[in-house]
Amino acid sequence: MNKGPLVTRTELRRRKEEAEKEAQKLFEQNQKEADKEYRKKEKEISSFYRKEHKKQKEITKSRSNEQTKIRERSSTLTKAIIVVAILLAIVIFIVLNL
C-alpha cells in the first residue's frame, strides 16, 4: 500500500481558499442586504421628517420685532388721543364762549 497522504497540502490550501471565498461572498451578500434595508429605513425616516417639516411653518416673528411694533402702535395711538383731546377742548371752549 501507498504510505502517502490522503490529502495534499495544495489540496488543503485550495479547499481553504474556496471556503474563504464562499464566506466572503456570503458576507458581501449579507452586507448588501443590510445596506439595502438601512437605505430603506433611512428613506422612511427622512420622508416622515420631511412631512413633519412641511407641517411646521417657518417662524417669521421674533419677540423684539413684536415689541417694536407694539411700541410704534402705542405711540401712534397716544398721539391720536392727544390730538383728539386738544380738538375737543377747543370745541368746548368755543361753544362755552358764544
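None of these values were measured; they are calculated from a predicted model.

Re a positive patch on the surface
Taken together, the side chains of Lys-43, Arg-50, Lys-51 and Lys-54 make up a positively charged region of the molecular surface. Its location among the elements puts Lys-51 in helix α1 (residues 9-55).

Looking at the UniProt feature "transmembrane region" (unreviewed entry) in the protein chain
The feature "transmembrane region" (unreviewed entry), as given by UniProt, occupies residues 77-96 in the numbering adopted here. The span residues 77-96 is 100% helix and 0% strand, and its two end C-alpha atoms sit 28 Å from each other.

Quick look at the pattern of salt bridges
This model, assessed by the stated rule, comprises 5 salt bridges. One salt bridge connects Arg-14 with Glu-18, and the closest N-O pair in it is separated by 2.6 Å. With Arg-14 and Glu-18 both in helix α1 and 4 residues apart, the pair spans about one turn of that helix. You can call Arg-14 partly exposed: its relative accessible area is 37%. Under the relative-accessibility criterion, Glu-18 is labelled partly exposed at 40%. A salt bridge links Lys-69 to Glu-66, with the nearest nitrogen and oxygen atoms 3.9 Å apart. A residue pair is termed a helical-turn pair when its members lie 3 or 4 positions apart in one helix, as Lys-69 and Glu-66 do in helix α2 (residues 63-97) at 3 residues. Among the residues examined, Glu-66 registers a relative accessible area of 27% and is labelled partly exposed. In the salt-bridge network here, residues are joined through shared partners; they are Glu-11, Arg-14, Arg-15 and Glu-18.

Conventions and cut-offs
Residues numbered from 1 in each chain as written. Predicted model: local features only at pLDDT ≥ 70, side-chain atom pairs only at ≥ 80, totals over all residues. Heavy atoms only, no water. Patch = residues over 30% accessible without salt bridge, like charges linked within 9 Å, V, L, I, M, F, W, Y side chains within 5 Å. Areas by Shrake-Rupley, 256 points an atom, 1.4 Å probe, with all protein chains shown as cover. Salt bridge = Lys/Arg side-chain N within 4 Å of Asp/Glu carboxyl O. Lys, Arg positive; Asp, Glu negative; His and termini not counted. Charge placed at Lys NZ, Arg CZ, Asp CG, Glu CD. Helix = DSSP H or I, 4+ residues; strand = E, 2+ residues; numbered from the N terminus. UniProt positions renumbered as here; feature names shortened; annotations may be inferred. Buried < 20%, exposed > 50% of the residue type's maximum accessible area, 1.4 Å probe, protein only.

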